[in-house]
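Secondary and tertiary structure notes
What follows is the residue order along each chain.
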Amino acid sequence: MSRGPLSLILALAVCLVVSLFGENFIASKFAYYYDILITIGINIILATSLNLVNGYTGQFSLGHAGFMAIGAYASASWSNHLDPIILGMLGGPGNPLATNIGLFVSMLFAGILAAIAGFGVGVPSLRLKGDYLAIVTLGFGEIIRVAILNTDFLGASRGLSVIGSYTNLFWTYGSVVLCIYVVLGLVHSTYGRGFVTVRDDEVAAEAMGINTTKYKVLAFVVASFFAGIAGALYAHFKAFITPEGFNFFRSVDVVVIVILGGMGSTVGVTVAAVLLTILPEALRALAHTQFVPPAYQGLLENRLILYSLLLIVLMLTRPQGLFGDRGASRKRLSRSRGD
Amino acid sequence: MDRLIEILQQLVNGVSLGSIYALIALGYTMVYGVLRFINFAHGDIYMLGAYAGYLLAPLFAHIFKFGEFDTFTPENTLFILAGAGLIMILSMAICAVIGVLIERIAYRPLRERPRLNVLITAIGVSLFLQNMTQYRLGANPKAFPQLIPVHVVEGLGNLTVLTSQLAIIISTVILLIVLRFIVMKTKIGLAMRALSLNPTACSIMGVNNDVVISFTFALGSALAAAAGILVSMDSPSINPLMGNLPGIKAFVAAVLGGIGNISGAALGGLIIGILETLVIAIGFPQWRDGIAFAVLIVILLFKPTGILGRVEREKV
Amino acid sequence: MDSLLKLHDCTIRFGGLTAVASFSMEICKRELVGLIGPNGAGKTTVFNMVTGVYRPTEGDVFLAGERLNGLKPYAITGKGIARTFQNIRLFNSLTVFDNVRAAFNLHVKHGPSHALTRGKAFLKEESDIEKRTLELLKIFNLDRLREAMCKSLPYGDQRRLEIVRALATQPKLLLLDEPAAGMTPTEKSNLMRLIEFVQETFDISVLLVEHDMRVVMGICKRIYVLDHGVKIAEGPPEKIRKDPKVIEAYLGETEVEDKR
């Protein structure tokens, strides 16, 4: 980690090379897997950013999908209205450099807008504790969704088409690399220690001179920024977005990944994101083999039933998730209640 | 005069809607009172109550001739009410059992753990109930059988009150009276109140906390089931996700009234119901769901203890 | 003697209940002062008032002449007042080392962006903090335990760690909330020596809230006595020991029961 920015640039370079040479090959020959790869990337960004808030800082946010929605719709609007101008300036839609720059600017806009929203939601909400914070963030997520639903120039319930689908492996995994870099960079610093003290004992943290609100808001804003980025990637991948795609269940999806991975372990959450993206697909494939009696096929295909059982079983048996004993996560969920 | 009728009309609509929210809100508030925990899955008990009625009614259709009466007459009223009442009571009983089972299996093992765990479990239970229902009974809306004839009540002039709305309001009043009796005048009600104030002292005094908690879940679930039946009489389309929005709104109602406070839950439910009706009446029906969230955020930011709630300080 | 902490006629009311009434107190630089009183006297309330958890309903709190009323706890720590807790509140996910290191946060100069660019200034500040944490731990013989999880430490060491953590914030005044609670007589003697050591080595003032009379009388230069929220006595240990009001406050209930 002390190698710092150098390792970041290196990783980004690798992504670029893979994308430049492998993109078209993978996209055409392995289209199904290409889609899954992009989805994995988006889920990793969502989960590792949420982990900063829910895992390291111990604040239970249930509204992540709302910030993803802001990012998605912001970047979609930006691309739809401003891309023709930008592309015009840079050499037209056929020019790959131009389309990539267009996407980059659109993503940046999405992230910044989502971050601002994160600040607006975070500052008043983060003084609430536990259950109340969860409900308020859920409420904000829903308000954002309802607001989009009622906004005509964003397509309302009809949905919004996005011009061109520019998302590619470089932007997706480049963002993944950046997100993980930022999260780990903050975690392995005074800020990371600050986050964990807020999680462990807010009163004691305040007594040690730590401005807990500042740390909570910082985690929240950074997480919202990347949720926005993920939303932008998603919008430019699917080329069509609706408010329903960013509802409470979407937030729960991400929360499940964070819990499975072990709140407070970035590695664990990344692995969990990969697992939980692949799992529904694997189960769907399994359901159609001869090992599974037809009566149970539907059950395996129903992602939400399995998720819900997973949540319940996890909480009862291994609340610290897969990787919950490593690093800064340390048995937070499984120790008995002393306070 | 027209203005007055108009206002009265909206009031009736609002109280009818609010009664449903109140019944559900009571479950949230009672469970929070004894366990300091928000039962995320409570809204889905309301849904299960409706589905229980949907599944039970055909079994008794012959005996009680559901759907065969067009209007209430002095001769058939008692008979109709008996039939509807039976379905409601059966549904309440079934959901009471479900509520107790959920507490036993999913929540009780986590009682000593941080509250975050059980909140996540509750989300899991909620998702499970919704999706299992969807899986077994289909995601499409189903038509709830007609338990009582639904028509405008005679003799109220220009006021349009449906029999179903009247049924909701009267049933809610009766249920509230019964609840008050249980909480204030029975031993177990006393135990519930004591438990919400000091669980440790309770068990020291020989109260079996587990039994009281189970009873609280049973009570709350029964009320939610009643709400499910009542709302389905008024609006006969049921679907597996029908508990989501009313559940959240009822939760807001409970917080508005002061979470943990039974009168507060009823009051909060009425206020939310009336507010929602007003929002529709003044011409913004698309914001009817948003108003509850707006109220939630305002409350939590300015007066988190609600209208009738108590402040609980953390001891340092 | 220079005045450091000054409470001027402080009153705290919660609703209709007056927890502390017109309490005045002064602590000078390098003084070891005690605050005692029977259970429920209001000691912890005074404590919380000084550290900013409660805001005085009336009266003022001054630190080196600066008014502290209404400041948030973390800001008051920033001004130079640190505290420990009655029931030890360590950061359980963090190691011994990190517990202390976290308390240096408030003096950190760099922002989040520096954590990301990992420039020279950032790295230097981080290694400075590491060095100072290690030094602090060494002074109290905790450096060999620095990678241990604090929950695994014996009780006495946990108490010590909490004090070390508080010292990391570089306070001018250290507040100790019943540090001897749950200790054996030997541990208490060690604690007394520790507190005196801290006070001398770090050149700070200490306010000690404590039940154990031997500890308080043993190390405090001056003692304030609270009963039912009101100051009933003030002075050096010899004077307090013989003060009839103090004796009555502590023993009075027993006498009433005997008469029955």
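Residues numbered from 1 in each chain as written. Chains lettered and ligands numbered in written order. Predicted model: local features only at pLDDT ≥ 70, side-chain atom pairs only at ≥ 80, totals over all residues.

**Quick word on the overall build of chain B**
Here is the rule: Numbering of helices and strands starts at the N terminus; helices are DSSP runs of H or I of at least 4 residues and strands are runs of E of at least 2. Note that the radius of gyration is over C-alpha atoms, with the globule rule given as 2.2 Å times the number of residues to the power 0.38. Here a residue counts as buried when 20 or more other C-beta atoms fall within 10 Å of its C-beta, as exposed when 12 or fewer do, and as partly exposed in between; the C-beta atoms come from the backbone.
Within chain B, the regular secondary structure consists of eleven helices and two strands. What you see in chain B, going N to C, is helices and strands ordered as α-α-α-α-β-α-α-α-α-β-α-α-α. Scaling as 2.2 N^0.38, a compact globule of 316 residues should have a C-alpha radius of gyration of about 20 Å, and chain B matches this with 20 Å. Overall size of chain B, expressed as C-alpha extent along the three principal axes, is 60 × 45 × 40 Å. Among the 316 residues that make up chain B, the fraction classed as buried is 49%.

**Section: the interface of chain A and chain B**
When the parts come together, some accessible area is lost, and that loss is often what is quoted as the size of the interface. Stated formally: Note that contacts rest on C-beta atoms placed from the backbone: two residues are in contact if these are within 7 Å. In this count, Pro and Cys sit with the nonpolar residues alongside Ala, Val, Leu, Ile, Met, Phe, Trp and Tyr, while Asp, Glu, Lys and Arg are called charged and the others, Gly among them, polar.
The partner chain B presents 32 residues to the 33 residues of chain A that form the contact. Secondary structure elements with two or more residues in the side of chain A that touches chain B: helix H5 (130-149), helix H10 (248-261), helix H12 (297-301) and helix H13 (303-317) of chain A. Across the side of chain A that touches chain B, the residue classes tally to 23 nonpolar, seven polar and three charged.

**Comments concerning the domain arrangement of chain C**
Residue and element names in this part refer to chain C. To keep things clear, this is the line we draw: What counts as a domain boundary in this text is fixed by an automatic or database domain assignment.
Considered domain by domain, chain C is made up of domain 1 (1-80 + 172-260) and domain 2 (92-170). The C-alpha centroid of domain 2 is placed 28 Å from the C-alpha centroid of domain 1. Secondary structure elements with two or more residues in the side of domain 1 that touches domain 2: helix H2 (73-79) and helix H7 (185-201). In terms of residue count, H7 provides more of the side of domain 1 that touches domain 2 than any other element does, three residues in total. In the side of domain 1 that touches domain 2, the residues fall into six nonpolar, three polar and one charged.

**Things to note about the sheet that holds strand S10 (residues 230-235) of chain C**
Residue and element names in this part refer to chain C. For the record, the criterion: The pairing criterion for strands is at least two bridges between them, as found by DSSP. To get an axis, a line is fitted to the C-alpha atoms, and for a helix only the part in contact is used. The angle between two axes follows their N-to-C directions and goes from 0 to 180 degrees.
Taken in spatial order, the six strands line up as S6-S7-S8-S3-S9-S10 in an open sheet, and their pairing is mixed. Looking at which strands have only one partner, the edges of the open sheet turn out to be strand S6 (81-83) and S10. Neighbour to neighbour, the strand axes of the sheet diverge by 20° on average, direction disregarded. Pairing of S6 with strand S7 (residues 173-177), which is carried by three bridges, proceeds in the parallel orientation. Across the sheet, residue Ile-81 finds its bridge partner in S7, namely Leu-173. Across the face of the sheet, helix H1 (residues 43-51) comes into contact with strand S3 (32-36), S6, S7, strand S8 (205-209) and strand S9 (222-227) while running at roughly 150° to S7.

**So, the confidence of the model for chain C**
Residues and elements named next belong to chain C. Counted only if it meets this: Confidence per residue, as judged by the predictor, is encoded in pLDDT with a range of 0 to 100.
Of the residues in chain C, 96% have a pLDDT of 70 or more, and the chain-wide mean is 88. Note on residues 253-260: pLDDT under 50 across the span, and zero contacts to partners over four residues away in sequence or across chains. Among the prediction metrics, the complex's ipTM stands at 0.87, with pTM recorded as 0.86.

**Describing the nonpolar core**
Rules: The nonpolar core criterion groups buried Ala, Val, Leu, Ile, Met, Phe, Trp, Tyr and Cys residues into a set whenever they are joined through C-beta atoms within 7 Å.
Counting 278 residues, the largest nonpolar core has B:Cys95, B:Ala226 and C:Leu208 as the members making the most contacts within it. With 18 residues, the single largest contributor to this core is helix H9 (residues 212-238) of chain A. Shared between two domains, this core holds at least three residues of each, these being domain 1 (1-80 + 172-260) and domain 2 (92-170) of chain C.

**Some details on the environment of A:Trp171**
All names here are of chain A. Tracing the backbone through its elements, the reader meets Trp-171 in helix H6 (residues 169-187). Linking Trp-171 and Leu-10, residues 161 residues apart in sequence, is a C-alpha distance of 15 Å. Apart from the residues within four sequence positions on either side, Trp-171 is in contact with Leu-103 and Leu-233.

**Some remarks on unusual backbone geometry**
All names here are of chain C. Positive phi values are uncommon outside glycine, yet Asn-141 reaches one of about 60°. As for its position among the elements, Asn-141 is in the loop between helix H5 (120-139) and helix H6 (155-168). In this structure Asn-141 comes out as exposed when scored by C-beta crowding, with 10 C-beta atoms within 10 Å.

**What to know about helix H5 (residues 163-185) of chain B**
All names here are of chain B. Stated precisely, the cut-off is as follows: The length a helix should cover is 1.5 Å for every residue beyond the first.
Helix length check: H5 (23 residues) gives 32 Å between terminal C-alpha atoms against 33 Å at 1.5 Å per residue, within 8%. Residues Ser-164, Gln-165, Ala-167, Ile-168, Ser-171, Thr-172, Leu-175 and Leu-179 constitute the buried set of H5. Buried residues along H5 sit against helix H1 (2-35) and helix H8 (209-234).

**Re the sheet that holds strand S1 (residues 3-14) of chain C**
All names here are of chain C. An order of S2-S1-S4-S5 is seen for the four strands of this open sheet, with the pairing classed as antiparallel. At either margin of the open sheet sits one strand with a lone partner, and together these are strand S2 (17-28) and strand S5 (66-67). Direction of pairing for S1 relative to S2: antiparallel, over a ladder of eight bridges. If you follow Arg-13 over to S2, its bridge partner there is Thr-18.

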